[in-house]
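# An overview of the molecular structure
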Amino acid sequence: MPVSRPALQPALALTFNAFVWGCSWWPFRQLEALGLHPLWATALIYAVAVAVILALRPRALGQLLGTPVLWLLVLAAGTTNAAFNWAVTVGDVVRVVLLFYLMPLWAVLLARLLLHEALTRLAALRVLLALAGAAIVLWPPGGGALPLPRTLPDWLGLLGGFSFALNNVLLRREAHRPEEGRALAMFGGGMLVAGALAIALGAAGRVAPLPAPAPAWLLGAATLALLFLAGNLALQYGAARLPANVTAVVMLTEILFASVSALLLGGGALSPSLLAGGALILLAALLAAAGPAASG
């Protein structure tokens, strides 16, 4: 049966957002080659987004300042963006994205803790699948050691996925808040957390300082900021017009875009363990998107 136009357009909008995020590793690496660390790039990109939101919805600032709980969203969203963008810039893109998409595991635990949702059998199955997939992905090639994260990109991928799950749970819990206040919290988080980390790690000599303004990296950062803004608008358009489970399934195309672009452009490599572990992680994510029964 052909897809109807009312359903096709939101699905294409969601796919565009997944494409932007799945392929964002490449421009971040180009910016790093120009001397702009991904933390600085993230802070600058989201500063542009914050400026646009404040220009169009100035009351969002008052909503954020007057709602302390939204600052948890600032922290969660900011950590997500800082960790993910840094990880895909310095690590194997396919591996990082798979570890990031352990979200079904974290979502079940956080929904139980913060939303008091029951732990159903299907939710427990998702946890087991995600854990098994993570163990296969993280298992050292030579064996004989525990399947634990061992590199900075591994840790950042896991942290990004956890904070994104927390971000989504907080969005569900605070869904009654004005949309512009929540949007400012998320974009402001990307600016504040990444900026604070860049300053702190820069002072410790772990991150290169912000380079002198140059047309190449300024134009690249501005272009990426516009792409992220367009992707976010596409996400809001699509998610508002499709069932949540359909949205979740379409967004999983980010894994496809990230993997294919990484293989074509030299950002990652496939191995039997990545394929096997990734299949289990993807299955867990698909079960999470299966419908209301999978939300517990």
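Check the entry above for the structure.
Reading guide: rules and limits
Residues numbered from 1 in each chain as written. Predicted model: local features only at pLDDT ≥ 70, side-chain atom pairs only at ≥ 80, totals over all residues. Heavy atoms only, no water. Helix = DSSP H or I, 4+ residues; strand = E, 2+ residues; numbered from the N terminus. Rg over C-alpha atoms; globule rule 2.2 N^0.38 Å. Buried < 20%, exposed > 50% of the residue type's maximum accessible area, 1.4 Å probe, protein only. Contact = heavy atoms within 4.5 Å. Areas by Shrake-Rupley, 256 points an atom, 1.4 Å probe, with all protein chains shown as cover. Salt bridge = Lys/Arg side-chain N within 4 Å of Asp/Glu carboxyl O. 1 Å grid on protein atoms, 1.4 Å probe; cavity = no way out; pocket = protein on both sides within 12 Å on 5 of 7 lines; lining within 4 Å. Points joined across faces, edges and corners; volume = space filled by probe spheres on them. Nonpolar A, V, L, I, M, F, W, Y, C, P; charged D, E, K, R; others polar. Phe/Tyr/Trp six-rings, centres within 6.5 Å; stacked < 30°, edge-to-face > 60°. Expected span 1.5 Å × (residues − 1). Arc of directions from axis to C-beta. Polar contact = N/O pair within 3.5 Å; in protein donor to acceptor, adjacent residues only side chain to side chain.

## Side note on the overall build of the protein chain
When helices and strands are tallied, the protein chain shows 14 helices and zero strands. Element order for the protein chain, N to C, with α for helix and β for strand: α-α-α-α-α-α-α-α-α-α-α-α-α-α. For 296 residues, the compact-globule formula gives about 19 Å, and the C-alpha radius of gyration of the protein chain, at 19 Å, lands near that figure. With the principal axes as the frame, the protein chain shows a C-alpha extent of 50 × 45 × 40 Å. Going through the 296 residues of the protein chain one by one, you find that 47% of them count as buried. A sequence separation of at least 24 residues applies to 85% of the contacts in the protein chain between residues at least 6 apart. Within the structure as shown, the protein chain displays about 14,000 Å² of accessible surface, and the carbon and sulfur contribution to it stands at 74%.

## A look at the pattern of salt bridges
Under the defined criterion, the tally for this structure stands at four salt bridges. In this structure, the salt-bridge partner of R177 is E174, at a minimum N-O distance of 2.9 Å. Judged by relative accessible area, which is 28%, R177 ranks as partly exposed. Under the relative-accessibility criterion, E174 is labelled buried at 7%.

## Some words on the layout of surface pockets
The computed volume of the second largest pocket comes to approximately 350 Å³. Taken together, V52, I53, L56, R57, E179, E180, A183, F187, L229, N232, L233 and Q236 make up the lining of the second largest pocket. Looking at the lining of the second largest pocket, the elements that each hand over two or more residues are helix 3 (38-56), helix 10 (179-203) and helix 11 (215-239). Of the residues contributing to the lining of the second largest pocket, the split by class is seven nonpolar, two polar and three charged.

## Side note on the environment of M103
Locating M103 in the fold gives a position in helix 7 (residues 103-114). A C-alpha to C-alpha distance of 18 Å links M103 and N17, two positions 86 residues apart in sequence. When residues no more than four places from it in sequence are discounted, the contact partners of M103 are G161, F164 and A165.

## Description of the packing of aromatic side chains
Taken as a whole, this structure holds 10 aromatic pairs when the rule is applied. Look at Y46 and F228: their rings are 6.1 Å apart centre to centre, the planes differ by 25°, and that puts the pair in the stacked class. In this pair, Y46 is assigned in helix 3 and F228 in helix 11, connecting sequence segments 182 residues apart. Overall, the relative accessible area of 4% leaves Y46 in the buried class. For F228, a relative accessible area of 4% puts it in the buried group. Site record: aromatic cluster; members linked through ring pairs are W21, F28, Y46, F84, F100, Y101, F164, F187 and F228.

## So, helix 8 (residues 121-138)
For helix 8, with 18 residues, the first-to-last C-alpha span of 26 Å sits near the 26 Å given by 1.5 Å per residue. Within helix 8, burial applies to A123, R126, V127, L129, A130, G133, A134, V137 and L138. Along the axis of helix 8, the buried residues cluster in a sector spanning 165°; they form a single face. Every exposed residue of helix 8 that faces more than 90 degrees away from the buried side is listed here: R121 and L128. Its buried side turned inward, helix 8 meets helix 6 (93-100), helix 7, helix 9 (152-173) and helix 14 (272-288).

## Some remarks on the side chain of S24
Residue position: S24 is located in the loop between helix 1 (5-22) and helix 2 (25-33). Within the structure, the side chain of S24 is placed 2.9 Å from the backbone oxygen of W21, a separation counted as a polar contact. If we ignore the near neighbours within four places in the chain, the residues touching S24 are F84 and F228.

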